Amino acid sequence: MKIKEAVAQRITNLCKERGIAINALGNLSGVNPSTIYSMLNTKSQNPGVVSLQKICDGLEITIREFFDDDLFNNIEQEIE
């Protein structure tokens with residue numbers, strides 16, 4: 001799994017765990033829902049760290065807690 005896919009999956013999982021929609025996450029975090037949707041699909045190949053921090057703030061978790069998930073244990077190397 002690539003890092004972008006893991007980030008998208010983590011956001012999706014956190015929303016499901018909390019029972020919130022992407023639009024609600026946008027309202028909670030101050031990130032435009034279209035930006036979040038682009039992070040979840042192929043439009044954005046490089047999710048911005050500022051947007052990711054805002055999403056974490058909206059979810060009331062730290063960036064460390066965001067990345068503290070098994071999804072990030074086996075990330076593919078992206079250097080080619």
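Asker: Help me get a handle on the confidence of the model for the chain, residues and values and all.
Answerer: Any residue range with low pLDDT should be treated as having predicted coordinates unsuitable for detailed reading. Per-residue confidence for the chain gives a mean pLDDT of 92, with 98% of residues at or over 70. Ranking the helices and strands of the chain by mean pLDDT puts helix 5 (residues 63-67) first, with 97, and helix 3 (residues 33-40) last, with 92.

Asker: A description of the packing of helix 2 (residues 22-29) against helix 4 (residues 49-59) should follow, citing residues and the corresponding values.
Answerer: For the pair helix 2 and helix 4, interaxial distance at closest approach is 8 Å and the crossing angle is 95°. Here helix 2 lies roughly perpendicular to helix 4, going by the angle between them. Each of Leu 25, Leu 28 and Ser 29 in helix 2 lies in contact with helix 4, whose residues at this interface are Lys 54, Ile 55, Gly 58 and Leu 59.

Rules used throughout
- Residues numbered from 1 in each chain as written.
- Predicted model: local features only at pLDDT ≥ 70, side-chain atom pairs only at ≥ 80, totals over all residues.
- Heavy atoms only, no water.
- pLDDT = per-residue confidence, 0-100.
- Helix = DSSP H or I, 4+ residues; strand = E, 2+ residues; numbered from the N terminus.
- Axes fitted to C-alpha atoms, helices over the stretch in contact; angles between N-to-C directions.
- Parallel < 35°, antiparallel > 145°, perpendicular 65-115°, else oblique.
- Contact = heavy atoms within 4.5 Å.

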